[in-house]
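# Structural overview
What follows is the residue order along each chain.
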Amino acid sequence: MAGSSPLTFSEATSSQAFAERFSAGGESRLSELLVAAVTHVHELIKQFRPTQDEWRKLIALLTEVGHASDERRQEWVLLSDLIGASALVEEINSRRPRGATPNTIRGPFFRADAPEHRSGSSISLDGVGEPLVVSVRVEDLDGLPIEGAEVVTWQANAEGFYENQQPDLQPEHNLRGLFRTDAQGHFSYRSVVPAGYGVPADGPVGRMLSMTGYPLRRPANLHFVIRAKGFETITTHVYDAGDPHLHEDALFGVRPELIARFEPADVDGRGAKAVNLTFVMIRARPGRGA
Ligand SMILES: [Fe+2]
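Definitions and limits used
Residues numbered from 1 in each chain as written. Predicted model: local features only at pLDDT ≥ 70, side-chain atom pairs only at ≥ 80, totals over all residues. Helix = DSSP H or I, 4+ residues; strand = E, 2+ residues; numbered from the N terminus. Buried ≥ 20, exposed ≤ 12 C-beta atoms within 10 Å, placed from the backbone. Pairing = 2+ DSSP bridges. Domains from an automatic or database assignment. Axes fitted to C-alpha atoms, helices over the stretch in contact; angles between N-to-C directions. Core = buried A, V, L, I, M, F, W, Y, C linked by C-beta atoms within 7 Å. Contact = placed C-beta atoms within 7 Å. Expected span 1.5 Å × (residues − 1). Parallel < 35°, antiparallel > 145°, perpendicular 65-115°, else oblique. Nonpolar A, V, L, I, M, F, W, Y, C, P; charged D, E, K, R; others polar.

### Details of the overall build of the protein chain
- Within the protein chain, the regular secondary structure consists of 6 helices and 11 strands.
- For the protein chain, the spread of C-alpha atoms along the three principal axes comes to 85 × 45 × 30 Å.
- Counting only residues that meet the buried cut, the protein chain has 29% of its 290 residues in that class.

### Observations regarding the sheet that holds strand S9 (residues 259-260)
- If you walk across this open sheet you meet the 5 strands as S3-S2-S7-S8-S9, and the pairing is mixed. The open sheet has two edge strands with one neighbour each: strand S3 (176-180) and S9.
- In terms of strand pairing, strand S7 (residues 221-227) meets strand S8 (residues 234-240) through 6 bridges, oriented antiparallel. Bridge pairing in S8 places Asn-221 opposite Tyr-239.

### Some thoughts on the domain arrangement of the protein chain
- As far as domains go, the protein chain holds domain 1 (1-49) and domain 2 (75-281).
- In this structure, domain 1 and domain 2 have C-alpha centres spaced 41 Å apart.

### Thoughts on the sheet that holds strand S4 (residues 186-192)
- If you walk across this open sheet you meet the 4 strands as S4-S1-S11-S10, and the pairing is mixed. One side of each edge strand has no neighbouring strand; the edge strands of this open sheet are S4 and strand S10 (263-267). Sheet twist, expressed as the mean angle between neighbouring strand axes with direction ignored, is 35 degrees.

### Concerning the pairing of strand S1 (residues 131-140)
- Where S1 and S4 come together, 7 bridges link them in antiparallel fashion. Residue Arg-137 lies in a different strand from S4, and its bridge partner there is His-186.
- Pairing between S1 and strand S11 (residues 270-281): 9 bridges, direction parallel. Bridge pairing in S11 links Arg-137 to Thr-278.

### Comments concerning unusual backbone geometry
- Phi is positive for Leu-175, which is not a glycine, with a value near 60 degrees.
- Relative to the elements of secondary structure, Leu-175 occurs in the loop between strand S2 (150-155) and S3.
- One non-glycine residue, Phe-252, lies in the positive phi region at around 60 degrees.
- Secondary-structure assignment places Phe-252 in the loop between S8 and S9.

### Thoughts on the nonpolar core
- By size, the foremost hydrophobic cluster in this structure holds 36 residues, and its most contacted members are Val-138, Val-151, Phe-224, Ile-226, Ala-228, Phe-279 and Met-281.
- Looking at which element gives the most residues to this core, the answer is S1, with 5 residues.
- Excluding residues within four positions of it along the chain, Met-281 makes contact with Val-138, Asp-140, Ile-146, Ile-226, Ala-228, Phe-231, Glu-232 and Ile-234.
- Grouped together as the second largest cluster of nonpolar side chains are 9 residues, Ala-87, Val-199, Val-205 and Leu-251 included.

### Section: helix H2 (residues 28-48)
- Over its 21 residues, H2 runs 30 Å from end to end, which matches the ideal 30 Å to within 8%, given 1.5 Å per residue.
- Counting buried positions over the 21 residues of H2 gives 0, only a small fraction of the element.
- Residue Arg-49 follows H2 closely and has a positive phi angle near 50 degrees.

### Re the packing of helix H3 (residues 52-67) against helix H6 (residues 204-211)
- Put simply, H3 and H6 touch, their axes get as near as 8 Å, and they point 135 degrees apart. As judged from the angle between their axes, H3 and H6 are oblique. Counted together, Leu-61, Glu-64 and Val-65 of H3 and Pro-204, Val-205 and Met-208 of H6 form the full contact between these two elements.
- Class assignment of the residues belonging to the contact of H3 with H6 gives a composition of 5 nonpolar, no polar and 1 charged.

### What about the packing of helix H4 (residues 75-82) against H6?
- Running from N to C, H4 and H6 cross one another at 30 degrees; their axes reach a closest spacing of 9 Å. Between H4 and H6, the angle falls in the class roughly parallel. Across the interface between the two elements, Glu-75, Leu-78, Leu-79 and Leu-82 from H4 touch Pro-204, Val-205 and Leu-209 from H6.
- Its residues assigned to classes, the contact of H4 with H6 comprises 6 nonpolar, no polar and 1 charged.

### Quick look at the pairing of S7
- Counting buried residues in S7 gives 5 out of 7 residues, a clear majority hidden from the surface.
- Inspection of the sheet shows S2 paired to S7 by 6 bridges, in the antiparallel sense. When the bridges of S7 are listed, Gln-155 appears paired with Leu-222.

Structure follows, in C-alpha cells:
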C-alpha cells in the first residue's frame with residue numbers, strides 16, 4: 001500500500017530510507033545523531049562521487065586508525081583533534097564566563113595514571129632540558145583560593161616528545177604528575193621547558209594530512225586537568241608566549257587567555273625559566289559534566 005511500504009533505496013532517497021528504519025522508542029538522541037551523520041555522509045558521497053576503489057581506501061584508512069590505537073596511543077583522538085572536531089565540541093560545551101579559564105582539547109597523550117608528587121618536586125625523571133619552574137594558583141571567579149584541587153599535568157620534553165611516544169627513550173611517567181593545592185590554592189613544581197612538536201605523522205592520520213600539505217605543528221605547551229569538588233573540571237593547555245608557532249596550532253587549541261610568559265630565571269645557579277599560572281574555576285552547573 002502506498003505510504004506504508006518502505007522507500008526504495010536510490011540516490012535520491014538514500015538518507016530518508018536510512019532514517020525510516022528508526023521507529024519511535026530506543027535511544028532517540030542517538031538515533032537523531034546517527035540519522036544526521038548518515039545524511040551528511042550520503043550528501044558527501046553524492047557530491048564527491050568516490051569510486052569503489054576510493055571508498056575502499058577510506059575504509060582501509062579508518063581500519064588503520066583503529067589498529068594504530070591502543071592504551072598508549074589514541075589515533076582516533078588525534079583524528080578528532082586534527083579536524084577541529086574536539087575543539088568544536090569543547091567550545092560548544094564549555095563556554096565560560098569572562099575571567100574563567102577556558103577548556104581546550106585534552107589531546108592524545110593524556111594518561112589517567114600520572115603519579116602524585118609533593119609541591120616543589122620535579123616531574124623531570126631524566127633531568128634532560130632547560131629547567132622550568134612552574135608556580136600554580138587555583139582560584140574561583142572571586143579570586144578566592146581553592147584548596148585541595150587535584151591538578152594533573154603532562155608535557156612534551158625539550159625535544160618535543162611525550163613519554164608515551166618514546167617508551168624506550170624516556171622513563172615511564174616522565175614529565176607527568178598529579179599535585180594538590182594547599183590552603184592558598186597553590187603548588188609549584190619543577191620541570192623542563194617543553195619544545196613545540198609536530199603532530200605524530202607516523203600514523204595513518206598524520207600521513208594522510210601531511211599528503212594534503214596540512215600544517216602539523218603545535219606550539220610548545222603544558223597540559224592540565226584541574227578538578228575540585230563543586231567546580232567544573234578544567235581541561236586546558238598553557239602556551240609559551242615566545243613560541244614562533246603560536247598562531248598556527250594544528251589542533252586549534254590556542255586562546256589568548258592561555259598564553260603565558262616563560263621568564264628567564266635562575267635555578268641552582270643554572271639558567272632556567274619560570275612561569276606563574278593562575279587557573280580560575282567556576283562552580284559546577286547543574287546538568288553539566290563535572
Ligand atoms: Fe601538547
